[in-house]
Amino acid sequence: MLWFSLLVLIPLVAVIITASSGGWSAFADQLTNEQTASAILLTIRAAIVVTLINVVIGTVIAWVLVRDKFWGKGLLEVIIDIPFALPTIVAGLVLLSLYGAESPLGLHWANTSTSVYLALAFVTLPFVVRMVQPVLEELDADVEEAAASLGASRFTTFWRIILPSLTPAIAAGAALSFARGMGEYGSLVLLSGNLPFKSEVASVRILSAIENDNPEGAAAIAAMLLAVSLAVIVVLDLVQRRMVRRG
Amino acid sequence: MAETRRAPRTPLTYVLRVIVIGYLGLLVAWPVVLVAWNAFHVPDVGFTTEAFTEIFNDPQMMHAIQLTCVAAVVATLINLLFGVTISLLLVRTEFPGKRLLSAMIDLPLSVSPIVVGLALVLVYGGRDGWFGPTLESAGIQIIFSTPGIIMATAFVSLPLVIREVIPVLEEIGTEQEQAAASLGAGSWQIFWRITLPGIKWAVIYGVVLTLARSLGEFGAVKVVSGNVLGQTRTATLAVEEKYLNFDQQGAYAVAFLLASVSVICILIVFVLRARGARVR
């Protein structure tokens, strides 16, 4: 308990106190600084877009992993976990090798805002898949068969029967993926070039504020990211409770 | 049972299959393979392991790798002890604030690593942190030193053991423990003989995941370490530095080493999980 306080709680409280040390107006000033505001907006936009992509493609991937059966499926299972396990800086380097200046595909996305979306899509890939997959595995096939025997089309079955039971898992995965996207740093360092107004994200702004000896500014942005993380934790807690009640 | 669940194959099945393979291939598989290729292949020279020989002969690189390993192992041990204790506390006892604590445990997973670094600097920074100056006058330096790196690493990988152990503890219940207690076993004996063997596999998954996460931590470590060459530079920081200094070959080589360790960790978990599923 003491260790948890020393390591996690007290430092996080310190961030909030430092952020509020100058009062509300100083806090707002730090966030509305033109360069900071643009970085925050890009981060939010990218996190939202990537989360939406993950909601769709993550559900599809989970579906294929659970319901389809083909040679090499085990390999896909391993590939999905790679973004979790790979050090973020290596993830950046990895993406740079295919989408950077020496791209064998001819795509030169390094140092553009596209690279931010790309990196976030990479690091947040597993969240929705790994939340949805176990739920889909547990799903009772009887209900689907009943729906089909009553004349429901496959689309109706999916929309009316399967999707509603997956929604909590998808929401939980989306929340985690959004939080991770908002705070991502490591994979962007090499890939995005951190150009102000173009490909600079919130975490990079925090780091440059620390390096410029502006702890209040750093803490202000950090407090905002922290608020997002807390909101996500609350969403997760509520969703988990709902899943437990149903189960 | 598993077979009856599979829907009949329609064109849609194949379309989805192709979409999934294409997306994963372009986003993950192809880039990862390219890094491995780049680590060994130099344009105009062909295949060589020169970059690796260079790393192993560079005392500063070896120091960085050593530091990474030490920090990761210490952080993993701390999280192992802390994680098992907290899991037992959360599952086996009731206390006010339990729900809050169990929600807070997940926080490190959703906080940005840079925020983690900043938070630690604000409290333990030697110059104007809350506890930093006091500790420093006692001769303990945390930020810009190894303890800071260990703390940052322990912070980001904190929930991994707990998340694996808690569901298993909930599932095995307390019957056997109560039986042992009624037969006169002490609480230490119960833990060692009954509880620990029950959660053994969960603990092992947790440790492997923690180790993988710890070896690769970058953002939080970057903030707290100060990246002092030969002192507080870790392997992940070295990748960035080598790349920015146009030593791409070196960067790819270190990245390949780090990536191999993390892929091996996933494979270990994958094999253990498959085995666990068969046993059940």
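Residues numbered from 1 in each chain as written. Chains lettered and ligands numbered in written order. Predicted model: local features only at pLDDT ≥ 70, side-chain atom pairs only at ≥ 80, totals over all residues.

## Concerning the overall build of chain A
In step 1: Each helix and strand counted, chain A has 11 helices and 0 strands in total.
In step 2: Listed N to C, the secondary structure of chain A is α-α-α-α-α-α-α-α-α-α-α in terms of helices and strands.
In step 3: For chain A, the C-alpha atoms occupy an extent of roughly 65 × 50 × 35 Å along the three principal directions.
In step 4: Taking the contacts inside chain A whose residues are at least 6 apart along the sequence as the reference set, 78% of them involve residues at least 24 apart. (Helix = DSSP H or I, 4+ residues; strand = E, 2+ residues; numbered from the N terminus. Contact = placed C-beta atoms within 7 Å.)

## What about the environment of Val 254 of chain B?
Residue and element names in this part refer to chain B.
In step 1: Checked against the element boundaries, Val 254 lands in helix H15 (residues 248-279).
In step 2: Taking the C-alpha atoms as reference points, Val 254 and Ala 39, 215 residues apart in sequence, are found 8.3 Å from one another.
In step 3: Residues contacting Val 254, with those up to four places away along its chain left out, are Ile 55, Ala 235, Ala 238, Val 239 and Lys 242.

## Overview of the packing of helix H4 (residues 59-92) of chain B against helix H9 (residues 146-156) of chain B
Residues and elements named next belong to chain B.
In step 1: Between H4 and H9, whose axes approach to 9 Å, the crossing angle comes to 50°. Overall, the two elements H4 and H9 adopt an arrangement that is oblique. Here H4 runs over H9; the crossing is right-handed. Of H9, the residues touching H4 (which contributes Ala 71, Ala 72, Val 74, Ala 75, Ile 78 and Asn 79) are Thr 146, Ile 149, Ile 150, Thr 153 and Ala 154. (Axes fitted to C-alpha atoms, helices over the stretch in contact; angles between N-to-C directions. Parallel < 35°, antiparallel > 145°, perpendicular 65-115°, else oblique. Left-handed = near helix turned anticlockwise from the far one by under 90°.)

## Overview of the interface of chain A and chain B
In step 1: Counting from both sides, the interface comprises 64 residues of chain A and, opposite them, 61 residues of chain B.
In step 2: Of the residues forming the side of chain A that touches chain B, the biggest block, 11 residues, is contributed by helix H11 (residues 215-246) of chain A.
In step 3: In terms of residue class, the side of chain A that touches chain B is made up of 50 nonpolar, 7 polar and 7 charged. (Nonpolar A, V, L, I, M, F, W, Y, C, P; charged D, E, K, R; others polar.)

## Considerations on unusual backbone geometry
In step 1: Phi at Phe 246 of chain B is positive, roughly 65°, even though this residue is not glycine.
In step 2: Position of Phe 246 of chain B relative to the elements: it lies in the loop between helix H14 (235-244) and H15.

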